[in-house]
Amino acid sequence: MAEQKAPQMQATLGLTGLTSNAMALIAPGAFLWLTFYIQATTGVTAPTMWLGIFAALLLCLATAVAYAEISKLYPGTGSSYYYAEQAMLSKDRAFKYARIAKFIVGWGSHLYYWVYPGVMVATTGIFVGYVVGFLYPNFLSGSNPGPIFMGLVAIAFSFFVAWIAQKGAGASTAVNLAINIVQISALVVFSVLALGYRASHPSGTPGFQYDNQTLSTYTYQFATSPKDGSIMRDASGTPLPLLDSAGKPVPFSITYPDHDSSGNFLTHQTAGSVIGIHKISWVFIQATVAILILVGFESVTSMGGEAKNPTKHIPIAVIASLLIQGLICYLFEYFAANYFLNSGYTMQSAAGSAAPIGDMMIIVGDGLLGQGHGKYFMLAEAFTVFLALIGTTLSCMNTGARVTYAMGKDAEVPEHFGFLHAKSLTPRRAIWTLAAISAVLGCIAVSLVFADGSAPTDATIAALPHGIFSSFGYSTHDKLAALPNSLLTITLTSNFGTFILYALSCFLCIVAYHKRPDYNVVTHLLIPGFGLLANIVCMAFYLIAPVFGLGTTKEPLLALGISAVWGIYGAIYFIRSSKAKGKAVLIPSKQAVS
């Protein structure tokens, strides 16, 4: 047989390799492009996007410290799943709960590790749809690609990444290291240009107005219909200019309005507004989405079996990856993107586009290279984003498969998940299973990606190219607006699993170091205690936000429902599996654990 339990993982990864794998999962090159749209559609909370990321970063830093500290005690494959058992077994009174604890952690972590790749392959489908629509506008709309096209891309991408993952940790690490260098450099260039565009265009100066339908910039104001305010267009779809009394196009001048007549947020008038609080409740709501772009620092803790010096290098890799990607890259890039917003491209424009950052790249590219040439800058940046997508999906699949592998070895899930392939020494069955799950979730996530707050207007829907790959799945604005946004729902489900896992990991750090001689009140109580509390608060906002009408309502409640079903199913599975295998729920003694 090709697969058996005899092979063991080989220790091949040093500090650079471990850090690269974690950094690949926290990929700012991919997430700035992909999640800016998701965050822009989160109701009225968009003004606090930057601060929501900062709050999520503090939560993750506290959790990262907990992971770093506990990994010093228990280096091994399985991450928090493995930590849960070891932490409980180290205590004279709590040891009996070791099996329950590790199953709860392992099962909860699957809500994150099995759903997160689905989000990634879905956003890849949206990304590819945007680029293809830009290159072939008669086939596909870049701003609103067809769900079937995006779903097919999600399926293909899922199995492509799984094919790389099953080749082994060495191949994955080499890919991730190269991708990290390229995508960080590319997004820094964009951020600098975005800030430069804002600085060189004070209010009242001529600038570019962007059109989401043609994916192009224009130097004149658009003529609008007196009936519904929609943009008037010629036969080719090009916006018609607003004419002055002399019959000449009215030049477009940039301004920075904060809200429109309906109260929708448009732009930040000052740099202070970008980093401002606005409303504290909005910060928490944005943080529940922003956690998606910061998770991954813990991924290296699942590679203890492949690390050369796990007790020394894994704690460093956990903290370093988060500081480099989160503190340095994200805060700078998100500040630049938010500060760039202007009357020619507002937050409402971003909420209605499949790729707001791609739109911004076209605008700044036109400003740098001349009107009409910004597309080359966008396409070059898009290539680096695609590389980053490969890296982050690859890293998450590797992590998720190894957690499933650890549970398979313990027979807490079907035992065939606990096999390693004889040649590649990878948990291939777990990887390919995760690929199939990701493909299904990816298709679900793109099915109603332009619903709820991102529902396109009827005029936009009517202008879509007709065909099964381009217009199938779009009904009317009112019908789409009444439905939940599928991508946001799946994202929040993954994030809820993240909060569960991170909260439990912080708790495990507190338990593991309790009454140990090397106990430190700051690193083993206060910091993980803050992380535990912050994660619980973010989970609470899934219910608080809809009840008090803050942000979106349907998506958080749906995410809670999915999470509840997963938890109930897990409890039933655990009880039935224990009875079938004759395994005790409570461990009678420490010696009973093999």
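Residues numbered from 1 in each chain as written. Predicted model: local features only at pLDDT ≥ 70, side-chain atom pairs only at ≥ 80, totals over all residues. Heavy atoms only, no water.

How should I be thinking about a nonpolar patch on the surface in this particular structure?
Taken together, the side chains of Leu135, Tyr136, Phe139, Leu152, Ile155, Phe159, Phe160, Trp163, Trp432, Ile468, Phe469 and Phe472 make up a nonpolar region of the molecular surface, amounting to roughly 1,200 Å² of accessible area. In terms of residue count, helix H7 (residues 147-165) provides more of the nonpolar patch than any other element does, five residues in total. According to the relative accessible area criterion, tryptophan 432 is partly exposed, its value standing at 33%. (Patch = residues over 30% accessible without salt bridge, like charges linked within 9 Å, V, L, I, M, F, W, Y side chains within 5 Å. Areas by Shrake-Rupley, 256 points an atom, 1.4 Å probe, with all protein chains shown as cover. Salt bridge = Lys/Arg side-chain N within 4 Å of Asp/Glu carboxyl O. Helix = DSSP H or I, 4+ residues; strand = E, 2+ residues; numbered from the N terminus. Buried < 20%, exposed > 50% of the residue type's maximum accessible area, 1.4 Å probe, protein only.)

Could you clarify how one ought to interpret unusual backbone geometry in this entry?
What you tend to see is this: most non-glycine residues have negative phi, and most peptide bonds are trans. Of note in this structure, alanine 411 is not a glycine but carries a positive phi near 60 degrees. The residue alanine 411 is located in the loop between helix H14 (374-409) and strand E4 (420-421) in this model. A positive phi is found at lysine 515, a non-glycine position, where the angle reads about 65 degrees. Topologically, lysine 515 is positioned in the loop between helix H18 (486-513) and helix H19 (521-547). Classification of lysine 515 by relative accessible area gives exposed; the value is 75%.

Just checking my understanding: could you explain the packing of aromatic side chains for this structure?
Each aromatic ring pair is summarised here by two numbers: the centre-to-centre distance and the angle between the ring planes. Applying the stated criterion to the full structure yields 37 aromatic pairs. Note on tryptophan 107 and tyrosine 569: the rings are 5.8 Å apart at their centroids and 45 degrees apart in plane angle, and the pair reads as tilted. With tryptophan 107 in helix H5 (residues 98-113) and tyrosine 569 in helix H20 (residues 554-581), this residue pair connects regions lying 462 residues apart in the sequence. Taking the relative accessible area as the measure of exposure, tryptophan 107 reaches 11% and is therefore buried. The class for tyrosine 569 is partly exposed, based on a relative accessible area of 46%. (Phe/Tyr/Trp six-rings, centres within 6.5 Å; stacked < 30°, edge-to-face > 60°.)

Can you help me understand the pattern of salt bridges in this one?
What the rule picks out here adds up to eight salt bridges. A salt bridge links glutamate 85 to lysine 102, with the nearest nitrogen and oxygen atoms 3.2 Å apart. Taken as a pair, glutamate 85 in helix H4 (residues 80-89) and lysine 102 in helix H5 lie far apart in primary sequence, 17 residues in all. The two residues glutamate 85 and lysine 102 agree in class, both being buried. Ionic pairing is found between aspartate 211 and arginine 233, a salt bridge with its closest N-O pair at 2.8 Å. One end of the pair, aspartate 211, is in strand E2 (residues 209-211); the other, arginine 233, is in the loop between strand E3 (216-218) and helix H9 (271-274), and 22 residues separate them in sequence. Classification of arginine 233 by relative accessible area gives partly exposed; the value is 26%. By sharing partners, the salt bridges in this structure join Glu85, Lys102 and Asp410 into a single network.

Help me out: how do you make sense of the confidence of the model for the chain in this one?
For residues with low pLDDT, the predicted coordinates do not support detailed interpretation. Overall, the predicted model of the chain reaches an average pLDDT of 87, with 92% of residues at or above 70. Strand E1 (residues 3-4) is the least confidently modelled element of the chain, averaging 46 in pLDDT, while H9 averages 96, the highest of any element. The low-confidence segment residues 1-6 (pLDDT under 50) makes 13 contacts with residues lying over four places distant or belonging to another chain. (pLDDT = per-residue confidence, 0-100. Contact = heavy atoms within 4.5 Å.)

How should I be thinking about the packing of helix H3 (residues 49-73) against H18 in this particular structure?
If you want to describe how two helices pack, look at the angle between their axes and the distance between the axes. Closest axis-to-axis distance for the H3/H18 pair is 9 Å, and the angle between their directions is 45 degrees. In terms of axis orientation, H3 runs oblique to H18. The way H3 lies across H18 gives a crossing that is left-handed. Residue-level contacts link Leu59, Cys60, Thr63, Ala66, Tyr67, Glu69, Ile70, Lys72 and Leu73 of H3 to Phe499, Leu501, Tyr502, Ser505, Cys506, Leu508, Cys509, Ala512 and Tyr513 of H18. For the contact of H3 with H18, a count of residues per class yields 14 nonpolar, two polar and two charged. (Axes fitted to C-alpha atoms, helices over the stretch in contact; angles between N-to-C directions. Parallel < 35°, antiparallel > 145°, perpendicular 65-115°, else oblique. Left-handed = near helix turned anticlockwise from the far one by under 90°. Nonpolar A, V, L, I, M, F, W, Y, C, P; charged D, E, K, R; others polar.)

Is there a simple way to think about the nonpolar core in this case?
Side chains of a nonpolar character, in soluble globular proteins, are inclined to be buried together. Membership of the largest hydrophobic core comes to 167 residues, with the highest contact counts inside it found for Trp33 and Phe190. A per-element tally of this core places H18 first, with 15 residues. Setting aside residues no more than four positions away along its own chain, tryptophan 33 makes contact with Phe127, Tyr130, Ala355, Pro356, Ile357, Gly358, Met361, Met378, Ala382 and Val385. (Core = buried A, V, L, I, M, F, W, Y, C linked by side-chain atoms within 4.5 Å.)

Can you help me understand the side chain of arginine 402 in this one?
Of note, arginine 402 is situated in helix H14. Residue arginine 402 is classed as buried on the basis of its relative accessible area of 0%. One polar contact links the side chain of arginine 402 to the main-chain carbonyl oxygen of asparagine 398, over a distance of 3.1 Å. (Polar contact = N/O pair within 3.5 Å; in protein donor to acceptor, adjacent residues only side chain to side chain.)

Looking at this model, I keep getting lost on the environment of threonine 270. Mind explaining?
Assignment of secondary structure puts threonine 270 in the loop between E3 and H9. With 69 residues separating them in the primary sequence, threonine 270 and tyrosine 339 have C-alpha atoms 7.7 Å apart. Aside from chain neighbours lying at most four places away, what touches threonine 270 is Arg198 and Tyr339.

Honestly, H14 in this entry has me stumped. Any pointers?
Every α-helix winds through 3.6 residues per turn, so residues three or four apart in the chain are directed the same way. Between its first and last C-alpha, H14 extends 52 Å over 36 residues, near the 52 Å set by a 1.5 Å rise per residue. In terms of burial, H14 is largely enclosed, as 28 of its 36 residues are buried. Positive backbone phi, at 60 degrees, marks alanine 411, one or two positions downstream of H14. (Expected span 1.5 Å × (residues − 1).)

Help me understand the packing of helix H6 (residues 116-135) against helix H15 (residues 428-447) in this model?
Where H6 contacts H15, the two axes come as close as 7 Å, and the packing angle between them is 55 degrees. When the axis of H6 is compared with that of H15, the two are oblique. As H6 packs across H15, the resulting crossing turns out to be right-handed. Listed contacts from H15 to Pro117, Gly118, Val121, Ala122 and Ile126 of H6 are Leu434, Ser438, Leu441, Gly442, Ala445 and Val446.

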